[in-house]
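Chain by chain, the residues:
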Amino acid sequence: MITRPILASITLLVLCGSALSQQDTVPKPDPRSAAEKYFTDVVLVDQSGENKRFYTDLLKGHVVVISSFLSTCNSGCPVANRNLQAIQDAVGDKLGKSVYLISITVDPLTDTPERLRAYANQSHAKAGWYFLTGEKTNVDFALNKVGLYVENKEEHRTILIIGNEPSGLWKKAVSTASSEEIIKIVESVINDSALQPSTGPGKGVAVPGHQPPTSTAEPQTIDGERIYSMRTVDQK
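Residues numbered from 1 in each chain as written. Predicted model: local features only at pLDDT ≥ 70, side-chain atom pairs only at ≥ 80, totals over all residues. Heavy atoms only, no water.

Enquirer: Before we go on, may I ask you to explain the nonpolar core in this structure?
Expert: Side chains that are nonpolar tend, in soluble globular proteins, to be buried together. Counting residues in hydrophobic clusters, the biggest one holds 53 residues, and the most contacted among them are Phe54, Ile66, Ile87 and Ile102. The leading source of residues in this core is helix α7 (residues 179–190), at six residues. Excluding residues within four positions of it along the chain, phenylalanine 54 makes contact with Phe39, Thr40, Asp41, Val42, Leu44, Leu59, Ile104, Ala142 and Val146. (Core = buried A, V, L, I, M, F, W, Y, C linked by side-chain atoms within 4.5 Å. Buried < 20%, exposed > 50% of the residue type's maximum accessible area, 1.4 Å probe, protein only. Helix = DSSP H or I, 4+ residues; strand = E, 2+ residues; numbered from the N terminus. Contact = heavy atoms within 4.5 Å.)

As structure tokens, then:
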């Protein structure tokens, strides 16, 4: 015969086992932000040969101006590069601190870190302007995430992706437009005040953050429009 104390102990063990089993099956919340989950920490290599995690090392907490290029380009790239130099001068001391310039090659097989280092020197790049290459699959992945991937490297886009990661505001600009127009767009993104619940329908929703183009510096469409035409706010 099973006594009451023994029966009580067996019941307690069964209940504890059931609770532990339920804990094992409950999915743990993902601590990553929506931006981190989207962009990921795919690894690229900068002009100094250092590995850079795409989200954590380059995007997180920064305003970024992202472009694609190849070092052998003699058409749109020189113009775009001069505009990036103008942006570099305009942001001043913010470069390398709150603002990063990120240029991703569309030809990683040719554009080695050594080649990009020479290209960066030619561009008079200062600290905070990253020229990125790496394994082709990683480079293609990152380019695709920012809407700049192309099958044919000679058809790379003359587009700048300008984002304020902390506030979630992303805009686009034609990289060959006048530097004055582009700098105005960059400054508007830099000056964006982060996450104001009173300006939108609330947290956990998408709030329009990109108005119809008002100048030649802003293109109508680009791959990844759903990411760059919306301000996204994480559910807290």
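Let's pick the thread back up.
Enquirer: Just to check I follow, could you spell out the pattern of salt bridges for this structure?
Expert: Should the charged atoms of two oppositely charged side chains come close, the side chains can pair. Following the criterion strictly, the structure yields five salt bridges and no others. One salt bridge in this structure joins aspartate 111 and arginine 115, with 3.6 Å as the shortest N-O distance. Residue classification places aspartate 111 among the buried positions, given a relative accessible area of 0%. Exposure remark for arginine 115: the relative accessible area of 39% places this residue in the partly exposed category. In this structure, the salt-bridge partner of lysine 136 is aspartate 140, at a minimum N-O distance of 2.7 Å. In this pair, lysine 136 and aspartate 140 are both assigned in helix α6 (residues 136–145), four residues apart and thus about one turn of the helix distant. (Salt bridge = Lys/Arg side-chain N within 4 Å of Asp/Glu carboxyl O.)

Enquirer: I tried to follow helix α4 (residues 76–91) on my own but got confused; where do I start?
Expert: Along an α-helix, residues three or four positions apart point the same way, because every turn accommodates 3.6 residues. For α4, which comprises 16 residues, the first-to-last C-alpha distance of 23 Å matches the rise-based estimate of 22 Å (1.5 Å per residue) to within 8%. Within α4 the residues assigned to the buried category are Gly76, Cys77, Ala80, Asn81, Asn83, Leu84, Ile87, Gln88 and Val91. Taken around the axis of α4, the buried residues stretch over an arc of 165°, which confines them to a single face. Facing away from the buried surface of α4 by more than 90 degrees, the exposed residues are Arg82 and Asp89. Looking at the buried positions of α4, the neighbouring elements they touch are β3 (63–69), β4 (99–105), α5 (113–122), β5 (129–132), β6 (159–164) and α7. (Expected span 1.5 Å × (residues − 1). Arc of directions from axis to C-beta.)

Enquirer: What should I look at first to understand the sheet that holds β5 in this one?
Expert: What links the strands of a sheet is backbone hydrogen bonding, and the strands pair in either a parallel or an antiparallel sense. Within the open sheet, the five strands sit side by side as β5-β4-β3-β6-β7. Their pairing is mixed. The strands lining the two open edges of the sheet, one partner per strand, are β5 and β7 (169–174). Across the sheet, the mean angle from the axis of one strand to that of its neighbour is 20°, orientation sign disregarded. In this sheet, β7 lies alongside β6 in antiparallel orientation, the contact comprising six bridges. Bridging from a neighbouring strand, glycine 163 pairs with tryptophan 170 of β7. Its contacts with the sheet place α4 against β3, β4, β5 and β6, and it is angled at close to 165° to β4. (Pairing = 2+ DSSP bridges. Axes fitted to C-alpha atoms, helices over the stretch in contact; angles between N-to-C directions.)

Enquirer: I keep staring at the side chain of serine 68 and nothing clicks. Help me out?
Expert: Residue position: serine 68 is located in strand β3. A polar contact is formed between the side chain of serine 68 and the backbone oxygen of arginine 157, at a distance of 3.5 Å. When near neighbours in sequence (up to four residues on either side) are disregarded, serine 68 contacts Ile104, Val106, Leu143, Leu148, His156 and Arg157. (Polar contact = N/O pair within 3.5 Å; in protein donor to acceptor, adjacent residues only side chain to side chain.)

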